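Single-letter residue listing:
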Amino acid sequence: MAPYSLLVTRLQKALGVRQYHVASVLCQRAKVAMSHFEPNEYIRYDLLEKNIDIVRKRLNRPLTLSEKIVYGHLDDPAKQEIERGKTYLRLRPDRVAMQDATAQMAMLQFISSGLPKVAVPSTIHCDHLIEAQLGGEKDLRRAKIILENYAYPGVLLIGTDSHTPNGGGLGGICIGVGGADAVDVMAGIPWELKCPKVIGVKLTGSLSGWTSPKDVILKVAGILTVKGGTGAIVEYHGPGVDSISCTGMATICNMGAEIGATTSVFPYNHRMKKYLSKTGREDIAKLADEYKDHLVPDPGCHYDQLIEINLNELKPHINGPFTPDLAHPVAEVGTVAEKEGWPLDIRVGLIGSCTNSSYEDMGRSAAVAKQALAHGLKCKSQFTITPGSEQIRATIERDGYAQILREVGGIVLANACGPCIGQWDRKDIKKGEKNTIVTSYNRNFTGRNDANPETHAFVTSPEIVTALAIAGTLKFNPETDFLTGKDGKKFKLEAPDADELPRAEFDPGQDTYQHPPKDSSGQRVDVSPTSQRLQLLEPFDKWDGKDLEDLQILIKVKGKCTTDHISAAGPWLKFRGHLDNISNNLLIGAINIENGKANSVRNAVTQEFGPVPDTARYYKKHGIRWVVIGDENYGEGSSREHAALEPRHLGGRAIITKSFARIHETNLKKQGLLPLTFADPADYNKIHPVDKLTIQGLKDFAPGKPLKCIIKHPNGTQETILLNHTFNETQIEWFRAGSALNRMKELQQQ
């Protein structure tokens, strides 16, 4: 986790970096670079201040921190209409961050745009495509990674990963998006975001004992659920903030993605200043001090919703299984598991990944492990450790934490996402075997970590994972229960304590950063037409100007349908740059309401049941357009736009649900699909998988105007319902053009 960090790959060398012209003129007074890798790209607090002053005079009220940073990046702060939850903002982000899996499609789309260079600093980091199996050194023989820090207080950063909000731990507004959004920003086009509401979380008291920053977000997830933060920024404030380390704040912001929040943020304070200085960015800390009033909320600012948490009373939590908002105090989860029939024995404990892998996290886990070793104990469960960066890996090796974790039975994996996103070549169980794992990750959807739908995954803090892996059971509560040492004597683990930052400087480890060339005019990106991993994109077809008649229902989804269900990760990640190949995983994890099975749908022509992708391809081949019917919060989870590209590629025209997750809804719009919601959620029950649907009103498609849907049942009867949408004028143009990328090309030709 630690810093939000990125690796510039060779692909970027073909693109170079350039600033907006206006920014290059204004930046002449700036003195502090965004990062030491980009000495000519400056932090623009002066422009942030100017824009905030303009907006403050217009709104004439105190501003939240979220508003200051977001409105401070408006393309036109003097004229932009601003109303929380209603208007669409046109923003100028400072930079773009991409991870290796989603970057492939983002860069392919940028190549399709025909533009020679990116308009803002844009970087790619490699962490998703490394499979965990044997340990860091052996797994890394197939790939190299390095993670570098680009977050800073007040930054507006968009990233093609749903856990980009990690950067909120350094006081930035860092938002996860799909690749098409990233392309807009890289192309110099103002980025659109629906003006977010602001949920305030007031923290009082202070963290102590076994309670950790992770417990704050686990508690918030239990309160707001997986969709309670949709359309809002979660802003933490109050006196309790100062008891949380900078990397602890990043943990909280990171997992804010699991409540559907646009992002999360903490106010700038001494913890962030200390972290910036320790990571070689003291100049940024000094500059942030000068502009601190703009990096904290105004007194008396208004929140759309307020949650109060007393950290003195907060207990260690563990959430799951199968959803990150099913919250339990650690003291109670064993009893609940017995009642529900969840396996009590813990097969594997896993710590690390982007959520919980800071120096402090590793130190607290090592403190627990050291106590067990002193009594002759090792983990009863398998135990894996994923460092958050090369810097963290090198530093915990130097300071002895890694060795302690190995001695207690742990395997230190590569500095990558690994099992958190399904990049785990798990050998200890067979698919379909019921088992329990505990992790310090952020998501625990069905089959996410190991592709086994019977794995009951729970998320908690690294120190609780370590304690549970030592005990080997969900019935263990480290606050009250005893372990038996090798000598037969009982002992209780003491609450762990560790330095939030190393006493010596961080060890940067291996440096594989690659600068873009000064002159990229001679650079090309060639894609082999026979490649199975990369494929150049062909434009999607334009809207034909007619209503959508007699759409076949590909699948009516029952229950939760995340982007993991729509476009699985794990072994499919290698096809992220090849749209046709990765489309073979379309909706293979979604449950068909007709038969209660995954990846089994009726072909309306042959009446035979078969895999979802095969059925979609059959319809496409025979010119049959289709629609998906979904439940609540459809598309929650990852930012992966493949979950929108695949249905478009295979002939889909609309996705109709009770509600959408924010990123996925935008991704669908970007690719020319219609994300629509039932005006009456009960109408979900009127549609049957064998029906056909006609969507009317597209000739008069307008913001705020519902569309009409005619349900045609096989017996000849019909029903009419209304479908809502959130399209604005610009997004309607995307639909008419066939995609946002098509519309970009149209504008270039005008």
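As named in an unreviewed UniProt entry, the chain is Aconitate hydratase, mitochondrial, taken from Felis catus. According to its UniProt record, the chain has this under Catalytic activity (unreviewed entry): "citrate = D-threo-isocitrate".

1. Notes on the overall build of the chain
Within the chain one finds 23 helices and 32 strands. Classification of the 750 residues of the chain by burial places 63% in the buried group. Contacts spanning at least 24 positions in sequence make up 75% of the contacts within the chain whose residues lie at least 6 apart. Total accessible area on the chain is roughly 27600 Å²; 49% of this is exposed by carbon and sulfur atoms. Distance between charge centroids for the chain: 2 Å, based on 91 positive and 88 negative side chains.

2. What about the UniProt feature "domain: Aconitase A/isopropylmalate dehydratase small subunit swivel" (unreviewed entry) in the chain?
The sites that carry the UniProt feature "domain: Aconitase A/isopropylmalate dehydratase small subunit swivel" (unreviewed entry) are, in the present numbering, residues 552–680. Taken end to end, residues 552–680 is 27% helix and 22% strand, and its first and last C-alpha atoms sit 21 Å apart.

3. Some thoughts on the packing of helix α22 (residues 729–737) against helix α23 (residues 740–749)
In contact at an axis separation of 7 Å, α22 and α23 are set at 95 degrees when each is read in the N-to-C sense. In terms of their interaxial angle, α22 and α23 are classed as roughly perpendicular. When α22 is examined against α23, the residues E733, W734 and A737 are found in contact with a partner set consisting of A740, N742, R743 and E746. Taken together, the residues of the contact of α22 with α23 break down into three nonpolar, one polar and three charged.

4. Considering the packing of aromatic side chains
In total, this model carries 13 aromatic pairs according to the counting rule given. An angle of 85 degrees between the planes, with centres 6.0 Å apart, marks the rings of Y634 and F660 as edge-to-face. Of the two residues, Y634 sits in the loop between β27 (626–629) and α20 (642–649) while F660 sits in the loop between β28 (652–657) and α21 (662–670), which places them 26 residues apart along the sequence. Accessibility assignment for this pair places Y634 and F660 in one class, buried. In this structure an aromatic cluster arises from ring pairing among W543, F701, F727 and F735. The residue whose ring lies beneath K556 is Y684, and the NZ or CZ to ring-centre distance is 4.2 Å. Note that K669 overlies the ring of F727, its terminal NZ or CZ placed 5.1 Å from the centroid.

5. Side note on the environment of T384
Along the chain, the position of T384 falls in strand β16 (residues 382–386). T384 gets classed as buried once you look at its relative accessible area, which sits at 9%. Sequence spacing of T384 and Q371 is 13 residues, and the spatial spacing of their C-alpha atoms is 18 Å. When sequence neighbours within four positions are dropped, the list of residues in contact with T384 reads V348, G349, L350, I351, I411, L413 and Y441.

6. Observations concerning the nonpolar core
Y45, L203, Y236, F266 and F383 are the most contacted members of the largest nonpolar core, which has 94 residues in total. The dominant element in this core, judged by the number of residues it contributes, is helix α16 (residues 462–471), at seven residues. Those residues in contact with Y45, other than ones at most four positions away along the chain, are Y152, P153, G154, L287, A288, Y291 and L295.

7. Things to note about the sheet that holds strand β11 (residues 263–265)
Strand pairing within a sheet occurs via backbone hydrogen bonds; the two strands may be parallel or antiparallel. If you walk across this open sheet you meet the four strands as β11-β10-β9-β12, and the pairing is parallel. Looking along the sheet, the strands with just one partner apiece sit at the ends: β11 and β12 (305–310). Direction aside, the axes of adjacent strands within the sheet are offset by 20 degrees on average. Where helix α8 (residues 213–224) meets the sheet, it contacts β9 (197–204), β10 (232–237) and β12, and its direction lies at approximately 135 degrees from that of β12.

8. So, the pairing of strand β6 (residues 156–159)
Burial of the side chains of β6 extends over both faces: L156 and I158 are buried on one face and L157 and G159 on the other. Where strand β4 (residues 95–99) meets β6, three bridges bridge the pair, whose relative direction is parallel. Residue pairing for β6: A97 is matched across the bridge by G159. Two elements, β6 and strand β7 (residues 173–176), share four bridges in a ladder whose sense is parallel.

9. Focus: the environment of S638
Mapping S638 onto the fold places it in the loop between β27 and α20. Residues S638 and E258, 380 residues apart in the sequence, show an inter-C-alpha distance of 9.2 Å. Contacts of S638, omitting those with residues within four sequence positions, involve S162, R443 and T563.

10. What to know about the pattern of salt bridges
Throughout the structure, instances matching the rule amount to 38 salt bridges. Of the charged contacts in the structure, one is a salt bridge between R602 and E594, with a shortest N-O distance of 2.6 Å. With relative accessibility at 25%, the residue R602 sits in the partly exposed group. Residue class for E594 comes out partly exposed when judged on its relative accessible area of 29%.

11. Describing the environment of N254
Mapped onto the elements of the fold, N254 is located in helix α9 (residues 246–254). For N254, a relative accessible area of 0% puts it in the buried group. Sequence separation of N254 and D361 is 107 residues, and the distance between their C-alpha atoms is 14 Å. Apart from residues no more than four positions distant in its own chain, N254 is found in contact with H163, P165, N166, C354, T355 and N442. Side-chain polar atoms of N254 contact the side chain of T355, separated by 3.1 Å.

Each value, and the rule that gives it
- Residues numbered from 1 in each chain as written.
- Predicted model: local features only at pLDDT ≥ 70, side-chain atom pairs only at ≥ 80, totals over all residues.
- Heavy atoms only, no water.
- UniProt positions renumbered as here; feature names shortened; annotations may be inferred.
- Helix = DSSP H or I, 4+ residues; strand = E, 2+ residues; numbered from the N terminus.
- Buried < 20%, exposed > 50% of the residue type's maximum accessible area, 1.4 Å probe, protein only.
- Contact = heavy atoms within 4.5 Å.
- Areas by Shrake-Rupley, 256 points an atom, 1.4 Å probe, with all protein chains shown as cover.
- Lys, Arg positive; Asp, Glu negative; His and termini not counted.
- Charge placed at Lys NZ, Arg CZ, Asp CG, Glu CD.
- Axes fitted to C-alpha atoms, helices over the stretch in contact; angles between N-to-C directions.
- Parallel < 35°, antiparallel > 145°, perpendicular 65-115°, else oblique.
- Nonpolar A, V, L, I, M, F, W, Y, C, P; charged D, E, K, R; others polar.
- Phe/Tyr/Trp six-rings, centres within 6.5 Å; stacked < 30°, edge-to-face > 60°.
- Lys NZ or Arg CZ within 6 Å of the ring centre and 35° of its normal.
- Core = buried A, V, L, I, M, F, W, Y, C linked by side-chain atoms within 4.5 Å.
- Pairing = 2+ DSSP bridges.
- Salt bridge = Lys/Arg side-chain N within 4 Å of Asp/Glu carboxyl O.
- Polar contact = N/O pair within 3.5 Å; in protein donor to acceptor, adjacent residues only side chain to side chain.

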